[in-house]
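Spelled out from the first residue to the last, the chains are:
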Amino acid sequence: MKRIAIFGSTGSIGRQALEVIAAFPDRFSAGLLLAGSNAPLLQEQIGRFLPETAGLAFPPAGYARPAVARFLQGPDALEQACELDGYDAALVAVVGVAGLRAVCRLLERGIPVLLANKEALVAGGELVMGLARRTGTPLLPVDSEHSAIFQCLQARGNNAPAKLVLTASGGPFRGLSRQELARVTPDQALRHPNWSMGRKITVDSASMMNKALEVIEAAHLFSMPPERIQVVVHRESIVHSAVEFADGALLAQLGLADMRLPIAYAMSYPERLPLPGRRLDLTALNGLHFERPDEEAFPAVRLGHEALRLGGVAPAALNGANERCVELFLAGKLAFPDIAELAAAAMRRAAGVALTLENALAADAEARAYVQACAKPA
Ligand code: NAD
Ligand code: MG
């Protein structure tokens, strides 16, 4: 029995992870459930999965403590949860740079991390990878593209991959021009054609900043220089990413768009579980399409490569600025194209500072302040 701690249990990834646990009750249990502010859903999850520990970072006024052996409450619930025992692996599925300290602490303690929270790797790349290496602690990708690459690499033998191909759906605005993108609304950005996800990553998919973050994530996870990571738009979201080898062989992982597969693979690796659900029928497909991203309309897609070349805390600044931009855009206070523009400017300003945990968090804060100061009303 593997006891999984879920950091972000009421989110899109957290809920799907609980579906996997529910489908394999003799393999997994939920040792700890931690959420941000969704008290009613957390309550329901506690009743169903009976974790030893639960936590709520931002409880509503008058919140009554649920019936669990241990309960964490308040903004540092996430950090406290990382100090506890009672789980064998932690699925980090909170959103944003808030996950960085947690991921570092879990790795330091030798607790395997199942990583959905890409922002931690973006902001703290070498730090996080260094900790995983030094302590020999597994760090398994949950992001679908990185899981796909990780799955393809199981067939590598002694061969280093020559190139990584990250696929991108293109989001709801694929095909729109720069001028058209200047007028899009938060509601339109939140309507993703293929995936149902949290609000922040859905906006990132619309701007294609998500792919920039994923380029940085892939570079760290798989030790690949930016010039050997290619982004390809693939609107069907069937090919989840691919790896090219020296002889030109391109290995890809295909499947229906369902995050339960990468979540379950990270939970059960190296074993594969008999997941319930539909299977991909190749004969039912109406073709698969691949094209270059439109960098003119979606300049954010290039920023991951640039951030990696700048190095140091530049990726942390890019990420922090983007998080603030997305909040402002969703609040109707920033035009959509300004997300990429302000995030790029914040990133370039941060170049030249070496990466430490404190420097990354300072660059994150500084980048948010910069965005706040520059933001013109939408
Ligand atoms: P979400 O907004 O749906 O869920 C986030 C969860 O984290 C919620 O349970 C929220 O309550 C909790 N949370 C947020 N801040 C917290 C804090 N400070 N302390 C404790 N809990 C906190 O987001 P999501 O779509 O599930 O995404 C989670 C992460 O996974 C993100 O980093 C995202 O980029 C990544 N990811 C998501 C998907 C997807 O399909 N949703 C795919 C790939 C990667
Ligand atoms: Mg992804």
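Residues numbered from 1 in each chain as written. Chains lettered and ligands numbered in written order. Predicted model: local features only at pLDDT ≥ 70, side-chain atom pairs only at ≥ 80, totals over all residues. Heavy atoms only, no water.

Peer 1: So what's going on with the domain arrangement of the protein? Residues and values would help.
Peer 2: Assigned domains within the protein: domain 1 (2-142), domain 2 (153-256 + 271-299) and domain 3 (311-378). The C-alpha-based centres of domain 1 and domain 3 are spaced at 26 Å. Each partner contributes residues to the interface: domain 1 has 11 residues there, and domain 3 has 12 residues. Summing the contributions of domain 1 and of domain 3, the shared interface buries around 930 Å²; its carbon and sulfur component is 68%. Taken as a group, V97, R101 and L127 account for 47% of the area that domain 1 buries against domain 3, more than any other trio of residues on that side. For the pair domain 1 and domain 3, the number of links is 1 salt bridge. Note that E358 is salt-bridged to R101, the shortest N-O span being 3.6 Å. Summed over the shared surface of domain 1 and domain 3, the number is 1 residue pair in polar contact (both at pLDDT 80 or more). Listed by contribution, the elements that provide at least two residues to the side of domain 1 that touches domain 3 are helix 4 (99-108) and helix 5 (118-135). For the side of domain 1 that touches domain 3, the leading source of residues is helix 5, giving 7 residues. Grouping the amino acids of the side of domain 1 that touches domain 3 by side-chain chemistry returns 5 nonpolar, 3 polar and 3 charged. (Domains from an automatic or database assignment. Contact = heavy atoms within 4.5 Å. Buried area = accessible area lost by both parts, 1.4 Å probe. Salt bridge = Lys/Arg side-chain N within 4 Å of Asp/Glu carboxyl O. Polar contact = N/O pair within 3.5 Å; in protein donor to acceptor, adjacent residues only side chain to side chain. Helix = DSSP H or I, 4+ residues; strand = E, 2+ residues; numbered from the N terminus. Nonpolar A, V, L, I, M, F, W, Y, C, P; charged D, E, K, R; others polar.)

Peer 1: So what's going on with the coordination of the magnesium ion (ligand 2)? Which residues, and what values?
Peer 2: The protein atoms that coordinate the magnesium ion (ligand 2) are D143 (OD), E145 (OE) and E214 (OE), at distances spanning 2.1 to 2.2 Å. In primary-sequence terms, the residues that donate to the magnesium ion (ligand 2) follow D-x1-E-x68-E. The pair formed by D143 and E145 is uniform in burial state, with each residue classed as buried. (Donors = N, O, S within 2.8 Å, 3.2 Å for Na, K, Ca; no water. Buried < 20%, exposed > 50% of the residue type's maximum accessible area, 1.4 Å probe, protein only.)

Peer 1: Break down the site of ligand 1 for me, with residues and values.
Peer 2: Taken together, 22 residues lie near ligand 1, and T10, S12, G36, E119 and G198 sit nearest. Within the backbone of I13, one N or O atom sits 2.9 Å away from an oxygen atom of ligand 1. For ligand 1, the protein covers 88% of the area, taking 830 Å² as the surface of the free molecule. Along the lines of polarity and charge, the residues of the shell around ligand 1 split into 10 nonpolar, 9 polar and 3 charged. Mapping the shell around ligand 1 onto the domain boundaries places at least three of its residues in each of domain 1 (2-142) and domain 2 (153-256 + 271-299). (Near = heavy atom within 4 Å. Areas by Shrake-Rupley, 256 points an atom, 1.4 Å probe, with all protein chains shown as cover.)

Peer 1: Can you break down the pairing of strand 2 (residues 28-35) residue by residue, with the values?
Peer 2: Burial within strand 2 is extensive, with 7 of its 8 residues counted as buried. Traced from strand 1 (residues 2-7) through helix 1 (residues 12-23) to strand 2, the parallel crossover comes out right-handed. In this structure, strand 2 lies alongside strand 3 (residues 53-56), joined through 4 bridges in parallel fashion. Residue pairing across strands places L33 opposite A54, the latter belonging to strand 3. Tracing the backbone out of strand 2, into helix 2 (residues 39-49) and back to the parallel element strand 3 gives a crossover that is right-handed. (Right-handed = clockwise from strand over helix to strand, strands pointing away. Pairing = 2+ DSSP bridges.)

Peer 1: With reference to specific residues and values, describe the sheet that holds strand 8 (residues 163-168).
Peer 2: Spatial ordering of the open sheet is given by 9-8-10-11, a layout of 4 strands whose pairing is mixed. Two strands close off the open sheet at either side, each with one partner strand: strand 9 (229-233) and strand 11 (250-254). The mean angle between the axes of side-by-side strands here comes to 20°, regardless of whether they run parallel or antiparallel. As defined by bridge partners, strand 10 (residues 239-244) adjoins strand 11 across 5 bridges and the pair is classed as antiparallel. (Axes fitted to C-alpha atoms, helices over the stretch in contact; angles between N-to-C directions.)

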